[in-house]
Amino acid sequence: MLAIIGGSSLDRLSALADVRRVEMATPSTPYGAPSGPLIFGKLAGRDIVFLARHGENHSVPPHKINYRANLWALQAHAVTQVVAVVTVGGIGAHFTAGALAVPDQIIDYTWGRAATFFDGEVGGDRALVKHIDFTKPYDEPLRQCILRAAQRVEIPLHDGGTYATTQGPRLETAAEIQRLARDGAHMVGMTGMPEAALARELNLQYAALALVVNAAAGTGTSAQAIDLPAAEALARTAMAQVVHILSEVANVGN
Ligand code: HPA
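Residues numbered from 1 in each chain as written. Predicted model: local features only at pLDDT ≥ 70, side-chain atom pairs only at ≥ 80, totals over all residues. Heavy atoms only, no water.

**Remarks on the overall build of the protein chain**
What counts is decided by this rule: Under the scheme used here, helices are H or I runs from DSSP no shorter than 4 residues and strands are E runs no shorter than 2 residues, and both carry numbers assigned from the N terminus. Whether a residue is buried, partly exposed or exposed follows from its accessible area with a 1.4 Å probe, protein chains only, as a fraction of its type maximum: under 20%, in between, or over 50%, in that order. What makes two residues a contact is simply this: any of their non-hydrogen atoms within 4.5 Å. For the accessible areas, the method is Shrake-Rupley and the probe is 1.4 Å, while residue cover comes only from the protein chains on display. A positive count includes Lys and Arg, and a negative count includes Asp and Glu. His and the chain ends are not counted in either. By convention, the charge on Lys lies at NZ, on Arg at CZ, on Asp at CG and on Glu at CD.
A count of helical and extended segments in the protein chain gives five helices and 11 strands. Counting all 254 residues of the protein chain, 54% fall into the buried class. Contacts in the protein chain between residues far apart in sequence, at least 24 positions, make up 81% of those at least 6 positions apart. Working note: accessible area of the protein chain is about 11200 Å², and carbon and sulfur atoms make up 52% of it. Averaging the coordinates of the 20 positive side-chain charges in the protein chain and doing the same for the 23 negative ones gives two points 2 Å apart.

**Here we look at the site of the ligand**
To be explicit about the condition: Any residue with a heavy atom positioned within 4 Å of a molecule or strand is treated as near that molecule or strand. Side-chain atoms alone can form a polar contact between residues adjacent in sequence; in general such a contact is a pair of N or O atoms within 3.5 Å, and within protein one must be able to donate a hydrogen while the other accepts it. Side-chain classes follow a simple rule in which Ala, Val, Leu, Ile, Met, Phe, Trp, Tyr, Cys and Pro form the nonpolar group, Asp, Glu, Lys and Arg form the charged group, and the remainder, Gly included, forms the polar group.
Taken together, Thr87, Val88, Gly89, Leu171, Glu172, Val188, Gly189, Met190, Val213, Asn214 and Ile226 are the residues near the ligand. Within the backbone of Thr87, a nitrogen or oxygen atom sits 3.4 Å from a nitrogen atom of the ligand. For the ligand, a nitrogen atom lies 2.7 Å from a polar atom in the side chain of Asn214. In the complex, the protein chains occlude 91% of the 260 Å² of accessible area that the ligand would expose alone. Sorting elements by how many residues they give to the shell around the ligand places strand 5 (residues 81-90) first, with three residues. Across the shell around the ligand, the residue classes tally to six nonpolar, four polar and one charged.

**Overview of the nonpolar core**
Applicable threshold: Think of a nonpolar core as a cluster: buried Ala, Val, Leu, Ile, Met, Phe, Trp, Tyr and Cys residues, connected wherever their side-chain atoms sit within 4.5 Å.
Counting 40 residues, the largest nonpolar core has Leu38, Leu71 and Leu74 as the members making the most contacts within it. Contributions of two or more residues to this core are made by strand 1 (2-6), strand 3 (38-43), strand 4 (46-52), helix 1 (67-76), strand 5, helix 4 (195-201) and strand 11 (205-215). Among the elements that make up this core, the one with the highest residue count is helix 1 (six residues). Look past the residues within four positions of Leu71 in its chain and what remains in contact with it is Ile5, Phe117, Glu195, Leu198, Ala199, Leu202 and Leu204. Listed in part, the 36 residues of the second largest apolar core include Val83, Leu147, Ile245 and Leu246.

**Brief notes about the side chain of Arg68**
Mapped onto the fold, Arg68 is located in helix 1. One polar contact links the side chain of Arg68 to the main-chain carbonyl oxygen of Thr116, over a distance of 2.8 Å. Among all residues touching Arg68, those that are not within four sequence positions of it are Tyr31, Ala114, Thr116, Phe117, Asp119 and Leu198.

**Re unusual backbone geometry**
A cis amide bond, omega -5 degrees, links Gly168 with the succeeding residue Pro169. Looking at the secondary structure, you find Pro169 in the loop between strand 9 (162-165) and helix 3 (174-183). Looking along the chain, the bond that leaves Met193 and enters Pro194 is cis, with omega of 10 degrees. Structurally, Pro194 is set in the loop between strand 10 (187-189) and helix 4. At Asp18, a position not held by glycine, the phi torsion is positive, near 50 degrees.

**Quick notes on the packing of helix 2 (residues 140-152) against helix 5 (residues 228-252)**
The criterion, for reference: Only the stretch in contact is used when fitting a helix axis, every axis being a line fitted to C-alpha atoms; angles between N-to-C directions are given from 0 to 180 degrees. Here the angle decides the label: under 35 degrees means roughly parallel, over 145 means roughly antiparallel, 65 to 115 means roughly perpendicular, and every other value means oblique. Note: crossing handedness is left-handed where the near helix turns anticlockwise from the far helix by less than a right angle, and right-handed where it turns clockwise.
At their nearest, the axes of helix 2 and helix 5 sit 8 Å apart, and the two run at 110 degrees to each other. In terms of axis orientation, helix 2 runs roughly perpendicular to helix 5. Pair helix 2 / helix 5 crosses with right-handed handedness. Two secondary-structure elements touch here, helix 2 through Cys145, Ile146, Ala149, Ala150 and Arg152 and helix 5 through Ile245, Glu248, Val249 and Val252. The residue inventory of the contact of helix 2 with helix 5, partitioned by class, reads seven nonpolar, no polar and two charged.

**Re the pattern of salt bridges**
Using the following cut-off: Each salt bridge in this description consists of a side-chain nitrogen of Lys or Arg and a carboxyl oxygen of Asp or Glu lying within 4 Å of one another.
Within the structure shown, the criterion is met by nine salt bridges. In this structure, the salt-bridge partner of Glu23 is Arg21, at a minimum N-O distance of 2.7 Å. Using a relative accessible area of 53% as the deciding quantity, one classes Glu23 as exposed. Among the ionic pairs, Arg68 bridges to Asp119, the shortest N-O distance being 2.8 Å. Placement of the pair is Arg68 in helix 1 and Asp119 in the loop between strand 7 (105-108) and helix 2, with a sequence separation of 51 residues. Using a relative accessible area of 27% as the deciding quantity, one classes Asp119 as partly exposed. Through salt bridges that share partners, Arg21, Glu23 and Glu56 make up one connected network.

**Concerning helix 5**
Heads up, the rule is: Expected span of a helix, by definition, is 1.5 Å for each gap between consecutive residues, and there is one gap fewer than residues. Two axes are fitted around each residue, one to the seven residues ending there and one to the seven starting there, and the angle between them is reported as the bend at that residue.
Its 25 residues give helix 5 an end-to-end C-alpha distance of 35 Å, which sits within 8% of 36 Å, the value for a rise of 1.5 Å per residue. For helix 5, the principal kink sits at Ala238 and spans about 35 degrees. Within helix 5, the full set of buried residues consists of Ala231, Ala235, Ala238, Met239, Val242, Val243, Ile245, Leu246, Ser247, Glu248, Val249 and Ala250. Residue Asp227 occupies the N-cap position of helix 5, its side-chain oxygen lying 3.1 Å from the main-chain nitrogen of Ala230.

Honestly, that's just the spatial picture; any functional story needs more than this.
In structure tokens, the structure reads:
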């Protein structure tokens, strides 16, 4: 089954039909509780499950999200594919506010987050030390599926780009963004990791759909400051396009 993890400005998926909420009992996963209930329903006629990454009321900040519980809960409910919706700041001329992208690389600048299932603490084979290959952090067939869906509904999308994940919840300094640009990043957000790595550890097919909601700090229209109300307003309106693409992904499958 396909799961959609909604990010900022996508805490609810109103396009879902026949909705059924599953609140997970405590203790709901070996890692604690997910961000909120799993919302099952039909998107474009296909059974999917939706999870709000920051909780239904947007109350969980990026560094406090229980990424392990979220992915564990999804897999426990027969999820095999995850499309992660993220909002990002754009770095460089091509990733301007309003642009959409399906990133193909990640750089992880986060710290102190529970970033693996294989930490030797929870029983079974997860108590072992295990390394995953993460050369290509996103599932390529699922990336292509999103790109094709966007093409069919004629919504332009960047194919690829490097997503830098910062710790947050504060935004970056101008100097930090200059460093990310030198590192080769095209977009910056706070929730891409460890979510993608944890999905790989569980053998889930995982890809991200990124919406640029502002120019990154110190660049373009954010040269002096990031206009947060404007970024939030853009996120709210542009999310309709994201949902349009997601519906097409669900419609066709892959
Ligand atoms: N930086 C980090 N995360 C973000 C940004 C940003 O500029 N915009 C939206 N999420």
